[in-house]
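Summary of structural features
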Amino acid sequence: MAKKDEKIVNENSCGCTIDDVLDDKPINGNKKPIINDDGLCGARDSDMEFFVDPDPEKVSLKFYQNRFTDGLPIIPPTRERVNRFLNYTHHDPGDVLAILPPKMGQATSKKVAINAVMAGCLPSFQPVVEHLIKAVSEDRFNLTGVNTTTHPVSICTIINGPLIDEIGMNASVGCLGPGNLANATIGRALRLCLVNISGAIPGVGDHGTHGSPAKYSYCFAENEKENPWEPLHVERGFNPQESTVTVMAAESPHNVNDHRSQSAEDLLDTIIHTATTAGCNNSHVPGELLVIMSPEHARTIQEDGWSKKDVQNYIHENSNLSSVLADRGGRELDEKNIIQGKVRITRSPQDVVLVVAGGPGRHTMISHGFGGGSESLTMPITL
């Protein structure tokens, strides 16, 4: 039993409890939290107290049990940490950046910051994650379909422009794998926002039959320094000195290994053969195809006199398969897509989303899209 004058402190309390952080109620009667608060803790009037940071293992387990995480440990989103992120945005904490289906959750700047903290982001990544949230909420991206389908589609994020160096993103060796803070945590922050704000919880709002490892994080930068062609954002009408984010609904990447081809046509035929497979969504509903080409493959093709548009045209014209094999998907083939017994997996050359990324090695990665169920989009990032 506690003594008469002894304070009873909840063992989960650190001054600012996790419940305080996640609670959207006004703080101390104010309409919104005070971001530039010099006090040690917003839950106490006095600074003459010591507070212990919450036990990260306990918090991670608690959040996991409440289905707030992706299964990996998280950084406890204390008020102090969240406020540091909010200092990097021009939005007020309660500003609604987007409405995210299927739950139709309100993605406020504060909620985005909470998930970015949990993902392990640096505070300076906050504007990037906010722009990601705005991009995936666009109607043509069809987040409802992307989140709720049984198809193992994820959201691929491609960064272009000066921001790549400013936040230290990886566009070279291992850019699609582990090892880079910005790539890993920005992609993960988007996924946590989808889980906690849009309701894309496996088995609840996310009905992917098998899911996908790309749903942990699928974020990289284009290797503009070794790209012999114009980068993606310039192709889409932006200035080279602008920073942009491109979001695309895409499957996990599949490798194309070609160390022997010395001509553009031979190399592209290998890529096309890998990409043109029965069973992918594009086979019965033509749509976008992501081609992540290594600098070595790109140079081989460019030195053979091929432009980026030449590559996109060739892949579009030759990526076709038998209508008999194609007509086994979830939707009946549209007769207008059948030409001489074959169907193309893309609708036009513009559906071939071609980027150059990665390091040394004669490899290209192929990611099939979501058929015609989603359209990629590129948005400028203003900091």
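In the block above lies the structure referred to throughout.
What you see is a predicted model; the values in this text were computed from it and never measured.

Conventions adopted
Residues numbered from 1 in each chain as written. Predicted model: local features only at pLDDT ≥ 70, side-chain atom pairs only at ≥ 80, totals over all residues. Heavy atoms only, no water. Phe/Tyr/Trp six-rings, centres within 6.5 Å; stacked < 30°, edge-to-face > 60°. Buried < 20%, exposed > 50% of the residue type's maximum accessible area, 1.4 Å probe, protein only. Pairing = 2+ DSSP bridges. Helix = DSSP H or I, 4+ residues; strand = E, 2+ residues; numbered from the N terminus. Axes fitted to C-alpha atoms, helices over the stretch in contact; angles between N-to-C directions. Contact = heavy atoms within 4.5 Å. Parallel < 35°, antiparallel > 145°, perpendicular 65-115°, else oblique. Left-handed = near helix turned anticlockwise from the far one by under 90°. Nonpolar A, V, L, I, M, F, W, Y, C, P; charged D, E, K, R; others polar. Patch = residues over 30% accessible without salt bridge, like charges linked within 9 Å, V, L, I, M, F, W, Y side chains within 5 Å. Areas by Shrake-Rupley, 256 points an atom, 1.4 Å probe, with all protein chains shown as cover. Salt bridge = Lys/Arg side-chain N within 4 Å of Asp/Glu carboxyl O. Lys, Arg positive; Asp, Glu negative; His and termini not counted. Charge placed at Lys NZ, Arg CZ, Asp CG, Glu CD.

1. Some details on the packing of aromatic side chains
Throughout the structure, instances matching the rule amount to two aromatic pairs. Both rings, one in phenylalanine 63 and one in phenylalanine 68, keep their centres 5.5 Å apart while their planes meet at 85°; by these two values the pair is edge-to-face. Aromatic pair tryptophan 306 and tyrosine 314: ring centres 5.3 Å apart, planes at 80°, arrangement edge-to-face. We classify tryptophan 306 as buried; its relative accessible area is 18%.

2. Thoughts on the sheet that holds strand 12 (residues 363–368)
The strand order across the open sheet built from four strands is 6-12-7-11, with neighbouring strands paired in mixed fashion. Each edge of the open sheet carries a strand with a single partner, namely strand 6 (254–257) and strand 11 (352–356). Averaged over neighbouring strand pairs, the angle between their axes works out to 25° when direction is ignored. Pairing of strand 6 with strand 12, which is carried by four bridges, proceeds in the antiparallel orientation. Within the sheet, the bridge partner assigned to asparagine 255 lies in strand 12 and is methionine 365. Of the strands in this sheet, strand 6, strand 7 (289–293), strand 11 and strand 12 are in contact with helix 12 (residues 295–303), which crosses strand 7 at around 95°. On the sheet, helix 13 (residues 308–318) packs against strand 7 and strand 11 and is oriented at approximately 135° with respect to strand 11.

3. Regarding the packing of helix 4 (residues 109–119) against helix 8 (residues 181–196)
Closest axis-to-axis distance for the helix 4/helix 8 pair is 8 Å, and the angle between their directions is 130°. With respect to their mutual orientation, helix 4 and helix 8 come out oblique. The two elements helix 4 and helix 8 cross, and the hand of that crossing is right-handed. Contact residues: Val112, Asn115, Ala116, Met118 and Ala119 in helix 4; Thr185, Arg188, Ala189, Leu192, Cys193 and Asn196 in helix 8. Its residues assigned to classes, the contact of helix 4 with helix 8 shows seven nonpolar, three polar and one charged.

4. So, a negative patch on the surface
Taken together, Glu265, Asp266, Asp269, Glu303 and Asp304 make up a surface patch of like negative charges. With three residues, the top contributor of residues to the negative patch is helix 10 (residues 264–275). Among the structural elements, aspartate 266 can be located in helix 10. When its relative accessible area of 43% is taken as the criterion, aspartate 266 is described as partly exposed.

5. Things to note about helix 5 (residues 126–136)
With 10 of 11 residues buried, helix 5 lies mostly within the body of the structure. Considered for burial, the residues of helix 5 that qualify are Gln126, Pro127, Val128, Val129, Glu130, His131, Leu132, Ile133, Ala135 and Val136.

6. Notes on the pairing of strand 7
Most of strand 7 is tucked away, with five of its five residues classed as buried. Of the two faces of strand 7, the one lined by Leu289, Val291 and Met293 and the one lined by Leu290 and Ile292 are each fully buried.

7. Focus on the pattern of salt bridges
Applying the stated criterion across every chain yields a total of nine salt bridges. Two residues, glutamate 226 and arginine 299, come together in a salt bridge whose shortest N-O distance is 3.7 Å. Residue glutamate 226 is found in the loop between strand 4 (219–221) and helix 9 (232–235), and its partner arginine 299 is found in helix 12; the two are separated by 73 residues along the sequence. Two residues, lysine 308 and glutamate 235, come together in a salt bridge whose shortest N-O distance is 2.7 Å. Placement of the pair is lysine 308 in helix 13 and glutamate 235 in helix 9, with a sequence separation of 73 residues. Its relative accessible area of 29% is what places glutamate 235 among the partly exposed residues. Several salt bridges share partner residues, and in doing so they unite Arg347, Asp351 and Glu375 into one network.

As far as function goes, none of this settles anything; it's purely spatial.
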